[in-house]
Every structure is written in C-alpha cells, then in structure tokens.
Amino acid sequence: MTETDPENQNPSLLRRIRARLVPDAHPADDRGRMRMVLDSLILHLHPPKVPDRTLKWTYTWGLGGLSAVLMLILGATGAILLNNYTPSAPQAYLDILELRSNVWFGELVRNLHHWSANLLVIIAVLHLLRVFLTGSYRAPRELNWLIGVGMLLLVLAANFTGYLLPWDQLAYWAITVGTGILSYIPLVGEWLSRLVLGGPEVGASTLLNFYSLHISFIPLLIFGLMSFHFWRVRKDGGLTLPRRIDETEEPRVERLTTIPHLVRKELVFALVWIAAILIFAMLVPAPLEDIANPGLSPNPAKAPWYFLGLQELLLHFHPLVAGIILPGLAMLGIFLLPFIDINTASVGIYFRSRRGRSLSLLALGLAILLTPLWVLLDEFILDWSAWLPSWPSLITNGLIPMTVVLLPLILIDDWAQKHLRADLEERILFLVIFLFTAFGILTAIGIFFRGPGMNLYWPWLMPEVVH
Ligand code: HEM
C-alpha cells in the first residue's frame, strides 16, 4: 500500500482510533498491518486505556493473568499428550512410559502439563484471595465472582480427572480415596460414587469417564467461562481501583494507553513465568509410580493433595459433618459473600481498614496457633465416643466437636463486635481469614504430617511413626 492509496486518505475507523491511542501507529507495510491486527486483538481483550493505578504489581500480583497463562500452557501441552495416550488399562500406563523414553520431548511436555496443573490450583486460589481481600467481589462484580468460583471448581475437577490418567499406583489409590469421600453424601452418595466411577470401584470405565471429561467437557467449559470472565472485567468498568487504607477521598485517576503500557508489562510477566515453569519442568520430573495394582493398597493411601484438608477433616469429624455440612456451609458462604458483604466504600483497599488489618493479623495468628493444637488434642486426648458410649456417633463425633470448634469463633466474633466495634465487613474478613488459614494448615498436615495408617508423624523421621 502506498501513501496515495485511497485507504490512506480515508483511514478506517479502527485505524483512526488506533492512531489516537497508539502514538507510533503508521501501518503502511506488511509489518504495520500485522501489528494492527495484533493490536486490535489486544483491544478486544482490554479497554484502550487503563487507570495507571491498576498497573501496580502489588495490587493484583498478576494472579488472574498467570492463571490464564497456565490454562494456555495446559491447553497446548494437553493437545500434544492426547496424541500419545490410550485411555484403557494397562495401555495408559505403557503409553506414559513410552512418552517418557521414546517420544521427542515427551517427558518435558508431560512435566510441563503436570506442574502447570498443580500450580494453577494454587494460583487460582491466591487470585480468589486477592479479590476477597480487596473487596473486589462487591457490586457490580458479583456475577464475575460467581463465574470465578465456578472456574475454580472446574479447575479442581480437571485436576482430579487428570490425576487418574497415568494409571499408576499413586493415581489409582488417590482417586479411590478421593471418590470414597463422595459416598458419604447421605441418600445419593453411593449412587453418585457409582456414577462417577462407572462401577463399584475404580476400573476401566472410570478411566474412560475421567478421560472424556478431562479432554472435552471440562476444558471447553473453563475456556468458555474464561472468555466470559474477561469480558465481564471490561463490562464491570475494568479492575477495581487500588486505594490506600487512609485514602478517604475519591482517588485521582490518570489513564494510560493499554498499548504499550499494560501489554508490555503483561508480556514480560508471561515470558518470565513461562521461562521459570519451563526450567522447573526440565529439572523436576512429574511423579510416576508402578502400574496400578487394585490388590495392593499403599500405606498411607491419600487423596490428591488439594483434597487433603478435606480428608484431614474426615479424620476428626463424623463423615456427614466433615464431608457434607462443613464443605456445604463453606461453599454456600463463598457463593453468598458478594450479597452479604456489600459495602462498596472500601473496595480496592487491602484489608478494608486499619481495624480490618489488625483483625486479619489476629485471625492469622489464632489460626496458626489453634489449628495444630486442636488436631493434637483431638488425636490424643478428646475421645467423645468413648466418654459417651451410648450416644449416637453423629453427636459424639460430629455435633460435639463441631460445637467445640465453632464456639470460640462465635465468642471472638462477639468480642470483636462489642469491644472493637468491628462492622460486618471486618467481622467477615476475620472469619474468612481464620477459616482459610485453618484449612490451609489442615491441608499441610495432611500432606506432610500424616504417615502410615494416617497417623501423625514427623516426615523427617520417615518411615517411623512417632507415637
Ligand atoms: C482459571 C481461573 C481464573 C482466571 C484465568 C482468571 C482471570 C482473571 C483476570 C486476568 C482478571 C483481571 C486481572 C487480575 O485480577 O489479575 C480477573 C479478575 C477477576 N477475577 Fe478472575 N480468574 C480466574 C479465577 C477466579 C476466581 C476463582 C475468582 C473468585 C471466585 C475470580 C474472580 C475475579 C473477579 C471478581 C475479578 C475482578 C477483580 C477486580 O475488578 O479487581 N476469578 N480474573
């Protein structure tokens, strides 16, 4: 195209917008045209201008963007793995062996897929936490919060279904224990467990069920929801504006063009993370044990690590309480959060207020102190079933310990309300940080401190059990 082209004399709307937003825009040749296509793609994802404040790393920590990068790595590596995998036992295991030794970069692709999947669980939870701590789920972002919760559940489902595919001992028994939790659901538990497993236990049908869910339904749904999630961020007026704790007035907003200011940062961030994950995947192989053997259960048999908090709860409470009531209440709370905690005045402020910050520290400290203490007490001293032998176990092993755990929380909440004059949003902050930290500690105990027989043990004394 030359300078005398009619298109140049009468530039298109897109070209005119671009010329105003991107200072060095003059796409006269092929490279320029390529850039224009790329820019308009970027401007589909982002608004043309963004507030300079939202570009600060220390606000979002790039966690949503990193979740998206991980999803892309998973999609790309998953598509490659698909070509070297047969979803039937024992061929599935043999395919993984073949992939590791005889397929070019096969092991690297598998490692990348494995580590990205596990990292995604952590990063998506941290992203949820960032959104919570800055109150960014409040109006008008309620729907996007709900979509986010849906995506997190799907990410867990994708991880869980993928866990079985290598068909090794680790996969077989983790899924056996994990799906075992389902059967605790009253009335429909057994039926649901059979439906998921495709039979009475983990077997060929389970592998096929999990494989088809893992490669089609779940990823399609996640990518679909992701597009909707990004669109909603734009539709809701972009990210919430970060504000300091003592900033009472409306913040002064200066807007910068997305290209190059935001895009350059995103690109550097994505490339650094991709490089780090690549190096990690080159150095640390994804685990692969012996081929699955339904007759030989490992000791201990643990669920996948992200369900170990739940498995730990099951060691302390009646299954109805640990498997249904507590997780059900937690999920309900997460879903309802944007409709209960509605004060938009503190949106964008980490920890809401000075009092909120102190309460958060208190919640963190108490959870770190009380959770291991309670685990030890319950393991070695409290034995309600032995003390009240004629009472039903739902009471001795369920309602009594649940009251013992929840009562102090209710008392602290009452104290914070009366003596610190904490308002609803600060009390919710306290409660969520306490419960979140406690669940994290239970998960860590399940991962590191449960040994043979699911007894407590010191990992550095492996394989000895300390009591
Ligand atoms: C695959 C999982 C996810 C991806 C790829 C993703 C991606 C993103 C991105 C890129 C942003 C904008 C930048 C940022 O905040 O980092 C964002 C914002 C947001 N996300 Fe997510 N997200 C995911 C999961 C979640 C979850 C689990 C939640 C909460 C339950 C959530 C709720 C939100 C909300 C409410 C916003 C708007 C925040 C604001 O305006 O400050 N997302 N997400």
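The following paragraphs examine the structure supplied in this document. As the structure is a prediction and not an experimental result, all values here were calculated from the model. (Residues numbered from 1 in each chain as written. Predicted model: local features only at pLDDT ≥ 70, side-chain atom pairs only at ≥ 80, totals over all residues. Heavy atoms only, no water.)

Counting its secondary structure elements, the protein chain contains 18 helices and 2 strands. Expressed as lengths along the three principal axes of its C-alpha atoms, the size of the protein chain is roughly 95 × 65 × 40 Å. Burial statistics for the protein chain: of 467 residues in total, 42% are counted as buried. When contacts within the protein chain are restricted to residue pairs at least 6 apart in sequence, those whose partners lie at least 24 apart make up 78%. For the protein chain, the exposed surface amounts to about 25100 Å²; the carbon and sulfur share of it is 69%. Considering the protein chain, the positive charge centre built from 34 side chains and the negative charge centre built from 35 side chains are found 10 Å apart. (Helix = DSSP H or I, 4+ residues; strand = E, 2+ residues; numbered from the N terminus. Buried < 20%, exposed > 50% of the residue type's maximum accessible area, 1.4 Å probe, protein only. Contact = heavy atoms within 4.5 Å. Areas by Shrake-Rupley, 256 points an atom, 1.4 Å probe, with all protein chains shown as cover. Lys, Arg positive; Asp, Glu negative; His and termini not counted. Charge placed at Lys NZ, Arg CZ, Asp CG, Glu CD.)

On to the packing of aromatic side chains. Following the criterion strictly, the structure yields 21 aromatic pairs and no others. On the basis of an interplanar angle of 75 degrees and a centroid distance of 5.1 Å, the ring pair of Tyr 306 and Phe 307 is categorised as edge-to-face. Look at Tyr 306 and you get buried, because its relative accessible area is 8%. The ring of Tyr 59 has Arg 130 sitting right over it, with the charged end atom 5.0 Å from the ring centre. One cation-aromatic arrangement involves Arg 352 over Phe 132; the distance from NZ or CZ to the ring centre is 4.9 Å. (Phe/Tyr/Trp six-rings, centres within 6.5 Å; stacked < 30°, edge-to-face > 60°. Lys NZ or Arg CZ within 6 Å of the ring centre and 35° of its normal.)

If you look at the biggest cluster of nonpolar residues, it comprises 45 residues, and the most contacted ones within it are Leu 70, Tyr 85, Leu 164, Trp 167, Val 202, Leu 207 and Ile 222. Listed by contribution, the elements that provide at least two residues to this core are α5 (63-82), α6 (91-102), α7 (106-133), α8 (142-164), α9 (169-180), α11 (204-235) and α12 (258-283). Ranked by residue count, the leading element in this core is α5, at 8 residues. Residues in contact with Leu 164, not counting those within four places in the same chain, are Ala 171, Tyr 172, Ile 175, Val 202, Thr 206, Leu 207 and Phe 210. (Core = buried A, V, L, I, M, F, W, Y, C linked by side-chain atoms within 4.5 Å.)

Turning our attention to the site of the ligand. Lining the immediate surroundings of the ligand are 24 residues, of which His 127, Arg 130, Arg 141, His 229 and Thr 240 lie closest. At a separation of 2.8 Å, a nitrogen atom of the ligand approaches a polar side-chain atom of His 127. Within the side chain of His 229, one N or O atom sits 2.8 Å away from a nitrogen atom of the ligand. At the level of elements, α5, α7, α8 and α11 are the ones that each hand at least two residues to the shell around the ligand. It is α8 that contributes the most residues to the shell around the ligand, 6 residues altogether. Of the residues assigned to the shell around the ligand, the class counts are 11 nonpolar, 11 polar and 2 charged. (Near = heavy atom within 4 Å. Polar contact = N/O pair within 3.5 Å; in protein donor to acceptor, adjacent residues only side chain to side chain. Nonpolar A, V, L, I, M, F, W, Y, C, P; charged D, E, K, R; others polar.)

Below, the discussion takes up the side chain of Ser 67. Position of Ser 67 among the secondary structure elements: in helix α5. Beyond its immediate chain neighbours, meaning those up to four positions away, Ser 67 contacts Leu 120, Ile 123 and Ala 124.

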